[in-house]
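# A look at the structure
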Amino acid sequence: MNDKEQSLLRVEELTILYHSPSGVIKALDNVHLEVRPKEFLVVVGESGSGKSTLALSIIGLLPQNAETQGKIVYKGYNMAELSKEEWTKYRGTEIGMIFQEPLSSLNPVQKIGGQMLEALQIENTRRGRPNKVYNYSTRGIVMTESKPSKDLETKLTGQIRMLRGGYKREALKEVYDWLKKVRIADPEGTAEKYPFELSGGMMQRVMIAMTLSQKPSLLLADEPTTALDVTTQAQILELMRTLMDSQDTAVVLITHDLGVAAQVADRVVVLYAGDVVEDAPVQELFSKPLHPYTKGLLKSYPKGTKIREKLETLPGSIPDLRREIVGCKFADRCQFVNEKCRNDRVQYVEAEKGHYVRCTLYY
Amino acid sequence: MSDARFTTDGKPFLRVENLSKFFAIKSGGLFKEKKLVRAVNNVSFVINRGETLGVVGESGSGKTTLLRAIAMIYKPDSGNMVLDGETILENGQIRRRPLGQIQMVFQDPDSSLNPTMKVRHIVSEPLLPLEIGKEELENRVLESLETVGLGSEFFEKYPSQLSGGQKQRVSIARALTSRPKLILLDEPTSALDAVVQSQVINLLVELQRKYMLTYIFVTHNISVARFISDKLAVFYAGSICEMGSTEDIANKPMHPYTSTLMKAFPIPDPAKRTLLQTKIFGEPPSLVNPPKGCKYNPRCPYVKEICRNKEPPLDEVQPSHWSACFFSKEIFD
């Protein structure tokens, strides 16, 4: 954390509380996190660890009952203080997001081509280009023309007239180019389809194309491949990795699967019950895990063909986050537990260079 | 090539021969031809008592339909099945329903446990058609709950009061009450976190040893399949494309699809980054209009002319190792 200037996103002492009828849930507890430009960061955690809350807080989409404490600093601005209107400027264009279920992220009653055009027109407006803003509707392609403006709200005002000839070709070419970039074999045919006509993998490709056409500096992906098959998952992850590298976009990929982290990450952050328990470069985390939870999690993955031997596992389950926990949240399941763990808030320390851990064994 | 796949010294516990299950789909118009989804197409295998057959493949490859056809939840369209020496299916006709002898555990405990029923009633349900006395029934329910590590304190609970792992334990307890010989497990750990998954796998292995249970374990998770299975069957588009001992297939796959599937699986080891290096083409085929010839040919990097015209048979390419590829030996030897 010495190179503060270098970081693209810095999350400082972030605590998220959900107010629910059954009590206050501490979904994230004093989280520290840093994303450097062009970095592929993977956040790993079980269900209930707060990993989705982390993504939603970074992109400002937390539900009404959430309370935010702490700072989310993106390119020097504290995003936690942005108003709703200011957020519309940054969301999508600076920070993009891909969700787990592409079917619920895409508009079910609009053709793929139309949705792609919508994404491109926002990009054009943002760049202040002489606006050729395209609509892809039942009336055919229509073009909206408006003066260059930084305000996205004005994008829909202006003259609407039918697009033909050169304009049409230009608009379509951009759509096809993006579909080609995400390796959709038949871009012309796909643009004419509705989301339900596509497979899960194809829809996720379209989502990636739409998100990346905004040229965001940071891309959040919340379990983007969990609903997909292994082979499709491999295709999507490879595509993400390649496109990120060529566009210089930083990625925060959220997953429950340590396997995915091992295969694609530059750096891995492990979440447990709202705490960042460990943060290390990928090689180091897997070859030399420090936190007992990370160690246990790694061992619980079946390896090899040792038929009929017992898998190592962790006892118990994650604690109830409505309860105020003073010491380490992992203490009840930990084999190295001692006095220190139960009494004070456990410190987050740099145990080795670039390798952070929240555990009393290391200070 | 021997006809009895996985020939055994004694009698096999379950013999499945040419099992098929097709679904008719509506195609709109009155005079349009009926179309068939060939969900499970001519599948044959044999399992011994106390063994686990792992079934891996992509979604839509027919894994779940296979289980449901074996359990006769779906009436098979053709094929023979012999369970423990007794013919239960002959030429597609059900001869006898093996009541209580075959049980299933489903993927999603939230939708396979009735939310309005208490745990005691959920677990006792398989016993109802067996006409067992009330006292015996109580005992059996308690016994199976204890076997899966849950006590009588769970009797009066509803599924919503349980965690994901506990729900899956209840599903397993329900499958055990009728003391079945064969348990069909349909992705039983896919909805669980890694730690809970390892607890459930340990439980399943322990139960198998204790009661000599036979499992058919369907999963898309290759490392779970490798860990728990004695034999593996790899499904592609409704048929088995490779079958053999887990050891053989894991160490040396003989079908291009299996080989890709293995490389695409994310292993939690950054020193073995095979996933990003693997070039994977295309998408799983449609089961209504499957490709002509080998169903894998549009995605296969080794495709040759013959693959587009002729469907390769499931041949024994090495002792007790079957592969449905014309070029198994050329590619992998």
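Residues numbered from 1 in each chain as written. Chains lettered and ligands numbered in written order. Predicted model: local features only at pLDDT ≥ 70, side-chain atom pairs only at ≥ 80, totals over all residues. Heavy atoms only, no water.

### Points about the overall build of chain A
Counting its regular elements, chain A contains 12 helices and 15 strands. A burial count over chain A gives 55% of its 363 residues as buried. Within chain A, contacts between residues separated by at least 24 positions form 63% of all contacts whose residues are at least 6 apart in sequence. In the form shown here, chain A has an accessible surface area of approximately 16,100 Å², with 51% of it arising from carbon and sulfur atoms. (Helix = DSSP H or I, 4+ residues; strand = E, 2+ residues; numbered from the N terminus. Buried < 20%, exposed > 50% of the residue type's maximum accessible area, 1.4 Å probe, protein only. Contact = heavy atoms within 4.5 Å. Areas by Shrake-Rupley, 256 points an atom, 1.4 Å probe, with all protein chains shown as cover.)

### Section: the overall build of chain B
What chain B contains, in helices and strands, is 11 helices and 13 strands. A globule of 333 residues ought to have a C-alpha radius of gyration of about 20 Å, and chain B, at 21 Å, matches this closely. If one aligns the C-alpha atoms of chain B with their principal axes, the spans along those axes are about 65 × 55 × 50 Å. Looking at chain B as a whole, 55% of its 333 residues qualify as buried. Residue pairs at least 24 apart in sequence account for 65% of intrachain contacts in chain B once pairs closer than 6 positions are excluded. When the accessible surface of chain B is totalled, it reaches about 14,600 Å², and 49% of it is carbon and sulfur. Here chain B contributes 42 positive and 37 negative side-chain charges, whose respective centroids are spaced 5 Å apart. (Rg over C-alpha atoms; globule rule 2.2 N^0.38 Å. Lys, Arg positive; Asp, Glu negative; His and termini not counted. Charge placed at Lys NZ, Arg CZ, Asp CG, Glu CD.)

### Notes on the interface of chain B and chain A
Counting residues at the interface gives 47 residues for chain B and 47 residues for chain A. The interface formed by chain B and chain A includes 1 salt bridge. Taking the shortest distance from any N to any O, the salt bridge between Lys279(B) and Glu238(A) comes out at 3.6 Å. Linking chain B with chain A are 17 residue pairs in polar contact (both at pLDDT 80 or more), by the criterion used here. Within the residue set of the side of chain B that touches chain A, elements represented by two or more residues are helix 6 (194-211), helix 7 (222-228), helix 8 (246-251) and helix 9 (256-264) of chain B. With 11 residues, the single largest contributor to the side of chain B that touches chain A is helix 6 of chain B. Of the residues contributing to the side of chain B that touches chain A, the split by class is 20 nonpolar, 14 polar and 13 charged. (Salt bridge = Lys/Arg side-chain N within 4 Å of Asp/Glu carboxyl O. Polar contact = N/O pair within 3.5 Å; in protein donor to acceptor, adjacent residues only side chain to side chain. Nonpolar A, V, L, I, M, F, W, Y, C, P; charged D, E, K, R; others polar.)

### Points about the sheet that holds strand 6 (residues 93-94) of chain B
Residues and elements named next belong to chain B. Strand order in the open sheet formed by 5 strands is 2-1-4-5-6, with antiparallel pairing between adjacent strands. The open sheet terminates on both sides in strands that have one partner only, identified here as strand 2 (35-47) and strand 6. The pairing of strand 5 (residues 86-90) with strand 6 spans 2 bridges and is classified as antiparallel. Residue pairing across strands places Glu-90 opposite Gln-93, the latter belonging to strand 6. (Pairing = 2+ DSSP bridges.)

### Comments concerning the sheet that holds strand 4 (residues 66-74) of chain A
All names here are of chain A. Taken in spatial order, the 4 strands of this open sheet run 2-1-4-5, and their pairing is antiparallel. For this open sheet the edge positions go to strand 2 (23-35) and strand 5 (77-78), each flanked by a neighbour on one side alone. As paired strands, strand 4 and strand 5 are joined by 2 bridges and run antiparallel to one another. Note that in strand 5 the partner of Tyr-74 across the bridge is Tyr-77.

### Comments concerning unusual backbone geometry
One non-glycine residue, Lys38(A), lies in positive phi territory at about 65°. Here Lys38(A) shows up in the loop between strand 2 and strand 3 (40-44). For Glu131(B), which is not glycine, the phi torsion reads 50° and is therefore positive. Looking at where Glu131(B) falls in the secondary structure, it is placed in the loop between helix 3 (119-124) and helix 4 (134-147).

### Brief notes about the packing of helix 7 (residues 200-212) of chain A against helix 8 (residues 230-247) of chain A
Residue and element names in this part refer to chain A. Two elements in contact, helix 7 and helix 8, have axes separated by 10 Å at closest approach and are oriented at 15°. Between helix 7 and helix 8, the angle falls in the class roughly parallel. Crossing handedness for the pair helix 7 and helix 8: right-handed. Listed contacts from helix 8 to Gly-201, Gln-204, Arg-205, Ile-208 and Leu-212 of helix 7 are Thr-232, Gln-235, Ile-236, Leu-239, Met-240, Leu-243, Met-244 and Gln-247. Across the contact of helix 7 with helix 8, the residue classes break down as 7 nonpolar, 5 polar and 1 charged. (Axes fitted to C-alpha atoms, helices over the stretch in contact; angles between N-to-C directions. Parallel < 35°, antiparallel > 145°, perpendicular 65-115°, else oblique. Left-handed = near helix turned anticlockwise from the far one by under 90°.)

### A look at the packing of aromatic side chains
Per the stated rule, a full pass over the model turns up 11 aromatic pairs over all chains. Taken together, a centroid distance of 5.2 Å and an interplanar angle of 85° make the contact between Phe23(B) and Tyr74(B) edge-to-face. Here Phe23(B), found in strand 1 (residues 14-25), pairs with Tyr74(B), found in the loop between helix 1 (63-70) and strand 4 (78-83); they are 51 residues apart in sequence, far enough to count as distant. On the accessibility criterion, Tyr74(B) (26% relative accessible area) is partly exposed. With 6.4 Å between their ring centres and 70° between their planes, Phe326(B) and Phe327(B) make a pair best called edge-to-face. Taken together, the aromatic side chains of Tyr272(A), Tyr293(A) and Phe330(A) make up a single cluster linked through ring pairs. A cation over a ring is seen here: Arg38(B) above Phe22(B), with NZ or CZ 4.9 Å from the ring centre. In this structure, Lys304(B) is placed above the aromatic ring of Phe327(B), and the distance from its NZ or CZ to the ring centre is 4.3 Å. (Phe/Tyr/Trp six-rings, centres within 6.5 Å; stacked < 30°, edge-to-face > 60°. Lys NZ or Arg CZ within 6 Å of the ring centre and 35° of its normal.)

### Things to note about the domain arrangement of chain A
All names here are of chain A. Each domain of chain A was delimited in the assignment, giving domain 1 (4-101 + 219-362) and domain 2 (110-193). Tallying the contact residues gives 9 residues for domain 1 and 7 residues for domain 2. Taken together, the two surfaces of domain 1 and domain 2 that pack against each other cover about 680 Å², and 57% of this comes from carbon and sulfur. Area buried by domain 1 at its contact with domain 2 is led by Thr-93, Leu-239 and Leu-243, which between them contribute 56% of it. Run the count over domain 1 and domain 2 and you get 1 salt bridge. Across the pair Arg-183 and Glu-238 runs a salt bridge, and its minimum N-O distance is 2.8 Å. On the surface where domain 1 and domain 2 come into contact, there are 1 residue pair in polar contact (both at pLDDT 80 or more). Within the residue set of the side of domain 1 that touches domain 2, elements represented by two or more residues are helix 2 (84-90) and helix 8. When residues in the side of domain 1 that touches domain 2 are grouped by element, the largest group, 5 residues, is from helix 8. Considering only residue class, the side of domain 1 that touches domain 2 consists of 2 nonpolar, 4 polar and 3 charged. (Domains from an automatic or database assignment. Buried area = accessible area lost by both parts, 1.4 Å probe.)

### Focus: the pattern of salt bridges
Tallying each qualifying case throughout the model produces 38 salt bridges over all chains. Linking Asp29(A) and Lys329(A) is a salt bridge whose minimum nitrogen-to-oxygen distance equals 2.9 Å. Here the residue Asp29(A) occupies a position in strand 2, and Lys329(A) occupies one in the loop between helix 11 (292-299) and helix 12 (339-343), the gap between them amounting to 300 residues. Each of the two residues, Asp29(A) as well as Lys329(A), counts as buried. The partner of Glu17(B) in a salt bridge is Arg15(B), with the nearest N and O atoms 3.8 Å apart. Exposure remark for Arg15(B): the relative accessible area of 25% places this residue in the partly exposed category. One continuous salt-bridge network, built from bridges that share partners, spans Lys26(A), Asp29(A), Asp275(A), Glu324(A), Lys329(A) and Arg345(A).

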